[in-house]
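Each chain, letter by letter, is given below.
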Amino acid sequence: MDDYDLLVVGSANADLVIGVERRPAPGETVLGSDLVVHPGGKGANQAVAAARLGARTALLARVGDDDHGRLLLSAQHTAGVDTAGVLVGGAPTGVALITVDPSGDNSIVVSPGANGRLTPKDVRDAEHLLRGSRVVSAQLEIPLETVVELVRSLPAGTRFVLNPSPPRPLPAELLAACDPLIVNEHEARVIAGGALDGAPEDWARALLALGPRSVVVTLGAQGALVARGDTVSRVPSVQVDAVDTTGAGDAFTAALAWRLGAGASLADAAAYAARVGAAAVTRPGAQESFPTAAEVEAL
Ligand code: ADP
């Protein structure tokens, strides 16, 4: 019996957001709006998204022994995520300093903090979590060597899902473990080494040739496509009035990973994930915007 439908291994950040009329030039100070602090980070977002859908979810991450770390843990608990695997200390909690201008453009500085201290040893020490999980998902806001150790440590038969964000070229060993590799257009280009011609179907084939067992390309309002073996198929997009696309990719990945673990085909899991991603863009924020299963049904 598995203890968890999904184990998410990844980052947890406090997002510190200030609205500004314009960004300061070097040496200049500008006044901004009141500070708003949101729980974020791709790992923490995925875990909250899965738990809110009803998945039995655990998070393996590292936060600092500070107020931001406590805020992040509290957001996980509220969503129902098991945080026994969240390590505390070693560096301040990861932070994203975000300024938003009146046109909605973001400028972001990330301090990885404790996320950068999630080590290969931390993964080895979490063997019981890995053994108890049907599906394991990861992103790249933690050290690449930690993600590589994760795929080396996976028990036989455990499914691995990777969203390589922020993207960088990946070692063959890591690519070979992905089932699927989930990328948006920007991530697809970086993973493929810059050269991607033709339609998204062609990108999916080019990525499959790099070794993952399957590939999912997300296309924002155009939905997504899935590729395995010789077959590439479109996942229909869901028409909604988008308010804020922050976190849509995280919600999509979490939903897809959970449905795969429940036995869905890649195409069915992606179709469900597209509904979850669409629901997430109808509300502002990241974790605050993630739907329950009932809300996905009602869409
Ligand atoms: P990322 O946030 O990683 O760039 P996308 O923007 O492609 O990812 O969004 C992930 C998924 O969420 C998409 O594949 C789609 O299913 C859904 N989605 C995102 N934006 C919209 C939108 N405007 N309308 C409907 N669905 C959307």
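Whatever comes next refers back to the structure up there.
Residues numbered from 1 in each chain as written. Predicted model: local features only at pLDDT ≥ 70, side-chain atom pairs only at ≥ 80, totals over all residues. Heavy atoms only, no water.

(A) Spatial organisation of the overall build of the protein. For the protein, the count of helices and strands is 11 helices and 13 strands. Its C-alpha atoms give the protein a radius of gyration of 18 Å, near enough to 19 Å, the size a compact globule of 299 residues would have. Dimensions of the protein, computed from the C-alpha atoms along their principal axes, are close to 55 × 45 × 40 Å. Evaluated residue by residue, the protein yields a buried proportion of 53% over its 299 residues. Working note: accessible area of the protein is about 12,900 Å², and carbon and sulfur atoms make up 53% of it. Looking at charge distribution, the protein has the averaged site of its 23 positive side-chain charges lying 5 Å from that of its 34 negative ones. (Helix = DSSP H or I, 4+ residues; strand = E, 2+ residues; numbered from the N terminus. Rg over C-alpha atoms; globule rule 2.2 N^0.38 Å. Buried < 20%, exposed > 50% of the residue type's maximum accessible area, 1.4 Å probe, protein only. Areas by Shrake-Rupley, 256 points an atom, 1.4 Å probe, with all protein chains shown as cover. Lys, Arg positive; Asp, Glu negative; His and termini not counted. Charge placed at Lys NZ, Arg CZ, Asp CG, Glu CD.)

(B) Expanded view of the site of the ligand. In the neighbourhood of the ligand, 17 residues make up the surrounding shell, with N184, T218, G220, G223 and V238 lying closest. In isolation the ligand offers 540 Å² of accessible surface; the protein chains occlude 85% of this area. The set of elements that each furnish at least two residues to the shell around the ligand consists of α9 (248-261) and α10 (266-281). Considering only residue class, the shell around the ligand consists of 11 nonpolar, 6 polar and no charged. (Near = heavy atom within 4 Å. Nonpolar A, V, L, I, M, F, W, Y, C, P; charged D, E, K, R; others polar.)

(C) Region of the structure containing the side chain of D15. Looking at the secondary structure, you find D15 in strand β2 (residues 13-19). In this structure, D15 is buried with no salt-bridge partner, the nearest side chain bearing the opposite charge being K42 at 9.9 Å. Each residue touching D15, except ones within four places of it in the same chain, is listed here: V36, V37, H38, G40, A96 and I98. (Salt bridge = Lys/Arg side-chain N within 4 Å of Asp/Glu carboxyl O. Contact = heavy atoms within 4.5 Å.)

(D) Representation of the nonpolar core in the model. Grouped together as the largest cluster of nonpolar side chains are 44 residues, with contacts concentrated most on L53, L59, V216, F252, L256, Y272 and V276. Of all the secondary structure elements, the ones that give two or more residues to this core are β1 (4-9), α1 (42-53), β4 (57-63), α2 (67-79), β12 (224-228), α9 and α10. If you look at the next biggest cluster of nonpolar residues, it comprises 42 residues, including Y4, V136, A177 and V217. (Core = buried A, V, L, I, M, F, W, Y, C linked by side-chain atoms within 4.5 Å.)

(E) Just α10, in detail. For α10, built from 16 residues, the straight-helix expectation of 22 Å at 1.5 Å per residue is met to within 8% by its first-to-last C-alpha distance of 22 Å. Among the 16 residues in α10, 12 count as buried, and that is most of the element. For α10, the full list of buried residues reads L266, A269, A270, Y272, A273, A274, V276, G277, A278, A279, A280 and V281. Tucked into the core, α10 has its buried residues touching α1, β11 (215-218), β12, β13 (231-235), α9 and α11 (293-298). (Expected span 1.5 Å × (residues − 1).)

(F) Just the packing of α9 against α10, in detail. Taken N-terminus to C-terminus, the directions of α9 and α10 make an angle of 145 degrees; their axes are 8 Å apart at the nearest point. With respect to the hand of their crossing, α9 and α10 are arranged in right-handed fashion. Packed against α9, whose contacting residues are A248, A251, F252, A255, L256, W258, R259 and L260, the element α10 presents L266, A269, A270, Y272, A273, A274, V276, G277, A280 and V281 at the interface. Here the residues of the contact of α9 with α10 sort into 16 nonpolar, 1 polar and 1 charged. (Axes fitted to C-alpha atoms, helices over the stretch in contact; angles between N-to-C directions. Left-handed = near helix turned anticlockwise from the far one by under 90°.)

(G) Quick peek at unusual backbone geometry. Following S165, the chain continues to P166 via a peptide bond in cis, the omega torsion being -5 degrees. Position of P166 relative to the elements: it lies in the loop between β9 (159-162) and α6 (172-177). For the bond from D179 to P180, the omega torsion is 10 degrees, close enough to zero to count as cis. Considering the arrangement of structural elements, one finds P180 in the loop between α6 and β10 (181-183).

(H) Representation of helix α5 (residues 144-153) in the model. Extensive coverage of α5 is indicated by the burial of 7 of its 10 residues. L144, T146, V147, V148, E149, L150 and V151 are the residues of α5 that are buried. Buried residues along α5 sit against β1, α3 (120-125), α4 (127-131), β8 (133-138), β9 and α6.

(I) Local environment of the pairing of β13. In this sheet, β13 lies alongside β12 in antiparallel orientation, the contact comprising 5 bridges. Residue L225 lies in a different strand from β13, and its bridge partner there is R234. Between β12 and β13, which pair antiparallel one after the other, the connecting turn spans 2 residues, and G229 there sits at a positive phi close to 55 degrees. (Pairing = 2+ DSSP bridges.)

(J) The arrangement of the pattern of salt bridges in detail. All told, the structure shown has 17 salt bridges when counted by the stated rule. For the salt bridge of D65 with R70, the shortest nitrogen-to-oxygen distance reads 3.3 Å. Owing to a relative accessible area of 61%, D65 belongs among the exposed residues under this scheme. Salt-bridge contacts for D67 lead to R70; the nearest nitrogen and oxygen are separated by 3.1 Å. Here R70 and D67 lie together in helix α2, a separation of 3 residues that amounts to about one turn. With relative accessibility at 60%, the residue D67 sits in the exposed group.

Worth remembering: the numbers are spatial, not functional.
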